[in-house]
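Structural features, examined
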Amino acid sequence: MSEFVVPEQYTRAVNTTHTGESFPIPDEEKFSYGTAGFRFRAEKLSFLVFRCAYVASLRARQLNSTIGVMITASHNPEEDNGVKLVDPSGDMLNVVWEIYATDIVNATDANLAAAVRSLERQMSQIENSFIATGNTHNARVVCGMDIRTSGPHLMEAARAGAAVFNVNFENIGEVSTPILHYIVKSYNFPQFAEPTVQGYYKAISDAFKELHEITVEPEGSSYQPKLIVDCANGVGAPRFRDLLQHIPKELLEVEFRNESGPLNHLCGADFVKIAQKLPTSFKSEDQDPKCATFDGDADRLIYFRAKTGAEPGAAELFDGDKIACLYAMYIKEQLKAYHETRPTYNIDMGIVQTAYANGSSTRFIKDTLGLKSVIVKTGVKHLHEEASEFDVGIYFEANGHGTVVFSAHFDSIIRRHPHENLALRRLALFSRVINETVGDAFADLLAVEIILRHYGWSMDDWAEKMYKDVPNVQIKVPVADRSIFETTNAEQTLVKPDGIQKMIDQDVAKFKNSRAFIRPSGTENIVRVYAEADTVENTQALGKSLEQVIRNLCIA
Ligand code: G16
């Protein structure tokens, strides 16, 4: 094995920032792989990205495949940045490798070479490891970034990390996180799509145009192929503009807003969801009622419109739960038509949500759609894994992060025989519009538009024909140390600090039809409070009371 050499600027002792200064990281400072990778102030990240790219290159050599590195802090403010690692299938990094990455990132400069040697030795002992055979010529690290100013500097840190053992490195520039996931999968499964940004645009837009052609609006349709998109001032703006170059305006006309201001500031899917307000530059009196919002790296999508009969600036949300239900209705209808013609091959379908799912959505899924909703921990990696248990697994977080995954059984029955009947064609094409590697704001938006067209629905129809959200509130409470909070029961019960869950239960019992939980964020230094109750006033009172519980605890 060659020597592990770290250029000085990427050591913990120096750690050069994107502004050219040195920002040393003390040996005691520990970093954890949170809900979606490492995410911190950008100044802390040069050494960390360098080491993550090395870990990615090791994984790439172990599997003789392409691994992805995405430099983004998604919904966080501009000053933050982060790294998400992507496995060969296009899914999130394998959890065991999250642990390896965390160990390597947390090693001191003095211990790093030994930690790397030990991990390499462990990999070379694994049966079928390509490292053992030396056959690693397909090993590649593909790296993308969002549009933060710290991005290009961190891209160079990633290049240097992958270069330690000479693994091929490809910088694909400013892309959304889902585009990177899609390209990683395309490299490893060449039949999937061409492994380029253009290949992604072509595959998704071709499927959309084909499905559009066979989607006939019903008589009396109120569907309008027009909407306004809030781009969170993120990478979604330029890349969605590029994708729309492939889709004629008569099929979909998009007005872009928030393309170049401060990233995620008073706009974007996270802001709209938590504040339940219109993003900046949208007004209650806007004429076009159909609006959608992305987050900073365009892996989340929420539809919204101005809320009538509420204070100016309030937004009515069609969030991840409503999108999941829309997908479920449409897919269920196609599967029913398919099963009528071919009853022998059963295709099952399920929906996966988190504790943030609005109570009304879970009841709608169970009582109206006759389906089961499985609740798992926050983090798409958990939802994705659970959804993969079904032939058609729909997963969505209420915050707009979600997609649909399709099994090999679905593939062999539906995708390989799409011409047998219309339902099969629709299912096969729908599965290609969707980016099944990860939640994708662009692909999800195109899928929603197809379904609204299929049903001939306006936003009024979508609101009326599904369910009404129960009042809910989400509050972010900044804390010095979020690691003191520990949860169980899919994060709905707090086990640490002692005694706090009892206080939550007592507060919840004061309100009708109420539900609430507290959990530490895995992406920000905050604790999140979620509460539902019978009225808006009671929901806010419950939320505030729980916020106070945390504030008292953190001051005490
Ligand atoms: C990431 C994860 C999501 C998660 C969100 C918030 O989203 O991918 O699954 O819901 O963080 O997580 P937490 O509540 O732990 O802060 P994104 O869009 O920021 O990458």
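Residues numbered from 1 in each chain as written. Predicted model: local features only at pLDDT ≥ 70, side-chain atom pairs only at ≥ 80, totals over all residues. Heavy atoms only, no water.

Here we look at the layout of surface pockets
Stated formally: Buriedness for pockets is judged along seven lines, at least five of which must meet protein on both sides within 12 Å for an open set on the 1 Å grid over protein atoms alone, while cavities are sets there where a 1.4 Å probe fits but cannot get out, and lining residues have an atom within 4 Å of a point. Grid points are joined across faces, edges and corners, and a volume is the space filled by probe spheres set on the points. Helix and strand definitions follow DSSP, with helices as H or I runs of at least four residues and strands as E runs of at least two, each counted in order from the N terminus. In this classification, Asp, Glu, Lys and Arg are treated as charged, Ala, Val, Leu, Ile, Met, Phe, Trp, Tyr, Cys and Pro as nonpolar, and every other residue, Gly included, as polar.
Roughly 1,100 Å³ of internal volume is contained in the largest pocket. Around the largest pocket sit 41 residues that line it, and S32, G34, R482, S521 and G522 are the ones nearest its centre. For the lining of the largest pocket, the elements supplying multiple residues, two or more each, are β1 (38-41), α2 (95-106), α12 (380-387), β16 (486-488) and β18 (515-520). No other element matches β1, which puts 4 residues into the lining of the largest pocket. Looking at the lining of the largest pocket residue by residue, the classes come out as 11 nonpolar, 14 polar and 16 charged. Taken as a whole, the second largest pocket encloses approximately 830 Å³ of empty space. The wall of the second largest pocket is formed by 27 residues, among which Q276, K307, A315, D469 and V536 lie closest to the centre. For the lining of the second largest pocket, the secondary structure elements donating two or more residues are α9 (269-275), β10 (315-318), β15 (472-478) and α18 (536-555).

Here we look at the site of the ligand
Formally: Residues are labelled near a given molecule or strand when at least one of their non-hydrogen atoms is within 4 Å of it. Each polar contact in these results corresponds to two N or O atoms within 3.5 Å; when the atoms are within protein, one needs to be able to donate a hydrogen and the other to accept it, and residues that are neighboring in sequence are counted only if both atoms are side-chain atoms. For the accessible areas, the method is Shrake-Rupley and the probe is 1.4 Å, while residue cover comes only from the protein chains on display. Think of it this way: a molecule belongs to a cavity or pocket when more than half its atoms come within 2 Å of the grid points there.
Around the ligand there are 20 residues in total, and T35, H75, E397, S521 and T523 lie nearest to it. S74 places a side-chain nitrogen or oxygen 2.8 Å from an oxygen atom of the ligand. Contacts to the ligand include K84, whose side-chain N or O atom sits 2.8 Å from an oxygen atom. In the complex, the protein chains occlude 98% of the 460 Å² of accessible area that the ligand would expose alone. Spatially, the ligand is embedded in the largest cavity. The class makeup of the residues in the shell around the ligand is 2 nonpolar, 10 polar and 8 charged.

Comments concerning the UniProt feature "domain: Alpha-D-phosphohexomutase C-terminal" (unreviewed entry) in the chain
As a reminder of what qualifies: UniProt positions are given in the numbering used here, feature names are shortened, and annotations may be inferred rather than shown by experiment.
With numbering matched to this structure, UniProt assigns "domain: Alpha-D-phosphohexomutase C-terminal" (unreviewed entry) to residues 494-541. Along residues 494-541 one finds 31% helix and 33% strand; the C-alpha atoms at either end are 20 Å apart.

Remarks on the pattern of salt bridges
Stated precisely, the cut-off is as follows: One side-chain nitrogen of Lys or Arg within 4 Å of one carboxyl oxygen of Asp or Glu is enough to make a salt bridge.
The full count for this structure, using the stated rule, is 36 salt bridges. In this structure, the salt-bridge partner of R300 is D270, at a minimum N-O distance of 3.1 Å. With R300 in the loop between β8 (291-294) and β9 (301-306) and D270 in helix α9, this pair connects stretches of sequence that are 30 residues apart. Note that K465 is salt-bridged to D461, the shortest N-O span being 3.9 Å.

Observations regarding empty space enclosed by the protein
For the structure shown, the criterion picks out 3 cavities of 30 Å³ or more. Estimated volume of the largest cavity: approximately 350 Å³. H75, R300, T378, E397 and N399 are the residues nearest the centre of the largest cavity, which is lined by 28 residues in total. When the residues that make up the lining of the largest cavity are grouped by side-chain class, the tally is 6 nonpolar, 12 polar and 10 charged. Residue composition of the lining of the second largest cavity, by class: 5 nonpolar, 2 polar and 3 charged.

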